[in-house]
Amino acid sequence: VGFIGSHVTIALLERNYNVVIADSFLNSSKEFYSRMIGLINSINPLLKNNLKLYEGDIRNSNFLEKIFNDSKKEDKLIDGVIHLAGLKAVKESVNNPLLYWDLNLNGAIKLLEAMKKFDCHYLIFSSSATIYGKHKDKLINEKSNINPINPYGYTKATIEFMLKNLFDSAPNKWRIANLRYF
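Nothing here was measured: the structure is a model prediction, and the numbers come from that model.

Here the second largest pocket defines a volume of roughly 190 Å³. Lining the second largest pocket are Ile 146, Glu 160, Phe 161, Leu 163, Lys 164, Phe 167, Ile 176, Ala 177, Asn 178 and Arg 180. Looking at the lining of the second largest pocket, the elements with two or more residues in it are helix H6 (151–169) and strand E5 (175–179). Ranked by the residues each element gives to the lining of the second largest pocket, the list is headed by H6, at five residues. Its residues placed into classes, the lining of the second largest pocket shows six nonpolar, one polar and three charged.

Here you go:
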């Protein structure tokens, strides 16, 4: 649970959603999670009743299936996923590209497989504006050319292309949004 994930979690809880967090804490810290819980307590301690944390790796199919099965047993089916899990440091991706390809791409594939298996077809994907690479124009929009220049950007662009293929395979089922922020 990083900066964006904690803010999204609180916003969803305040709107009475049940929130399930899956985090390996490879790219975040349990301290940040504890601070988020403290903030939730200051807003409304009862909000924690709608929050569940699973510690594990999204590349692990059994881990993901446990989350979906537990939710099903509690009669709280998972309707949608906000996929914020992934490595995000450009320099680190240049120094360790295999780690980025493995975690970002394989994590997304395993997550999508679990979603499909459990009939969950709503996804918000945390992509990145790094997929655009360098542009002469300072203004970039969704129609700008996708031309990443580092492994991190390539993993995000590849996942977006995969999501487009998935959507095209069943456009009446899938609802997918990509967030490309700086």
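Next comes the rest of the description.
Quick look at the sheet that holds strand E4 (residues 122–126) now. One open sheet holds the three strands; their spatial order is E3-E4-E5, and the pairing between them is parallel. For this open sheet the edge positions go to strand E3 (80–83) and E5, each flanked by a neighbour on one side alone. In this sheet, adjacent strand axes meet at a mean angle of 10° when their direction is disregarded. Pairing analysis gives five bridges linking E4 to E5, with the strands arranged parallel. Residue pairing across strands places Tyr 122 opposite Arg 175, the latter belonging to E5. Taken strand by strand, H6 contacts E4 and E5, and its axis lies near 165° from that of E4.

With that settled, the discussion passes to the pattern of salt bridges. Counted according to the given criterion, the structure contains 10 salt bridges. Ionic pairing is found between Asp 57 and Arg 59, a salt bridge with its closest N-O pair at 2.5 Å. Between Arg 59 and Asp 102 there is a salt bridge, with its nearest N and O atoms 2.5 Å apart. With Arg 59 in the loop between strand E2 (51–55) and helix H3 (61–73) and Asp 102 in helix H5 (residues 97–117), this pair connects stretches of sequence that are 43 residues apart. Given the relative accessible area of 25%, Arg 59 is considered partly exposed. For Asp 102, a relative accessible area of 30% puts it in the partly exposed group. Three or more residues are tied together by salt bridges with common partners; here these are Asp 57, Arg 59 and Asp 102.

Thresholds applied
- Sequence order as written defines residue numbering, which begins from 1 separately in each chain.
- Only residues with pLDDT of 70 or above have their local features reported here, since the model is predicted, and side-chain atom pairs are shown and tallied only from 80 upward, although totals for entire chains, interfaces and linings are computed over all residues.
- Side-chain figures throughout are based on the complete set of non-hydrogen atoms in the structure, without hydrogens or water.
- The definitions used throughout rest on a 1 Å grid laid over the protein atoms alone, on which a cavity is an enclosed set of points accommodating a 1.4 Å probe that cannot get out and a pocket is an open set flanked by protein within 12 Å on both sides along at least five of seven lines; lining residues are those having an atom within 4 Å of a point.
- Grid points are joined across faces, edges and corners, and a volume is the space filled by probe spheres set on the points.
- Only DSSP runs of H or I reaching four residues or more are called helices, and only runs of E reaching two or more are called strands; each is numbered from the N terminus.
- Throughout, the ten residues Ala, Val, Leu, Ile, Met, Phe, Trp, Tyr, Cys and Pro are labelled nonpolar, Asp, Glu, Lys and Arg are labelled charged, and all others, Gly among them, are labelled polar.
- Any two strands between which DSSP finds at least two bridges are classified as paired.
- Axis lines are fitted through C-alpha atoms, for helices just across the contact stretch, and the angle between N-to-C directions can take any value from 0 to 180 degrees.
- Note on definitions: a residue-residue contact is assigned when non-hydrogen atoms from the two residues lie within 4.5 Å.
- Here a salt bridge means any side-chain nitrogen of Lys or Arg lying within 4 Å of a carboxyl oxygen belonging to Asp or Glu.
- A 1.4 Å probe rolled over the protein chains alone gives each residue an accessible area, and that area as a share of the maximum for its type sets the label: buried under 20%, exposed over 50%, partly exposed in between.

Distances and angles like these do not, on their own, reveal function.
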